[in-house]
Amino acid sequence: MDSQLTWIASTSIVLLMVFTSDVQAETWTTPDGFLSVTAPDGSGFQTLDVPPSPFLKLWVSNDDTVKLGVMRTQIPPSVELIQSSAEEGLAE
């Protein structure tokens, strides 16, 4: 558990999400197993086989108006990461 807290303090997984409608899809998990997200519906989104850095996974809507991505980013040691604030921002 302590190693997970250290990882959270030094690294963050950032989700960029825009939902246009309710979709049913499969789950995608980061390579380290730390985070799982529901992938958007394959009929409305295409997955980039090799996403640009720093994205771990990137989905783009068929009309290129919506992008949904998961990326890893370093958090400076002087920045306090407040989980509830991150969750609130993702829910908006």
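This text goes with the structure placed above it.
Residues numbered from 1 in each chain as written. Predicted model: local features only at pLDDT ≥ 70, side-chain atom pairs only at ≥ 80, totals over all residues. Heavy atoms only, no water.

Q: I tried to follow the pairing of strand β6 (residues 67-74) on my own but got confused; where do I start?
A: Here strand β5 (residues 55-61) pairs with β6 via 5 bridges, running antiparallel. If you follow W59 over to β6, its bridge partner there is L68. Hairpin connection between β5 and β6: a loop of 5 residues separates the two successive antiparallel strands, and D64 in this loop has a positive phi of roughly 60°. (Pairing = 2+ DSSP bridges. Helix = DSSP H or I, 4+ residues; strand = E, 2+ residues; numbered from the N terminus.)

Q: So what exactly am I meant to see when it comes to the side chain of S61 here?
A: Inspection of the secondary structure puts S61 in strand β5. By relative accessible area, which is 7% here, S61 ends up buried. Among the polar contacts listed, one links the side chain of S61 to the backbone nitrogen of T65, at a separation of 3.1 Å. Contacts of S61, omitting those with residues within four sequence positions, involve G44, F45 and V66. (Buried < 20%, exposed > 50% of the residue type's maximum accessible area, 1.4 Å probe, protein only. Polar contact = N/O pair within 3.5 Å; in protein donor to acceptor, adjacent residues only side chain to side chain. Contact = heavy atoms within 4.5 Å.)

Q: Is there a simple way to explain the environment of E26 in this structure?
A: Positionally, E26 belongs in the loop between β1 (11-16) and β2 (27-29). According to the relative accessible area criterion, E26 is exposed, its value standing at 63%. Placed 16 residues apart in sequence, E26 and G42 show a C-alpha to C-alpha distance of 9.3 Å. When sequence neighbours within four positions are dropped, the list of residues in contact with E26 reads V37, T38 and A39.

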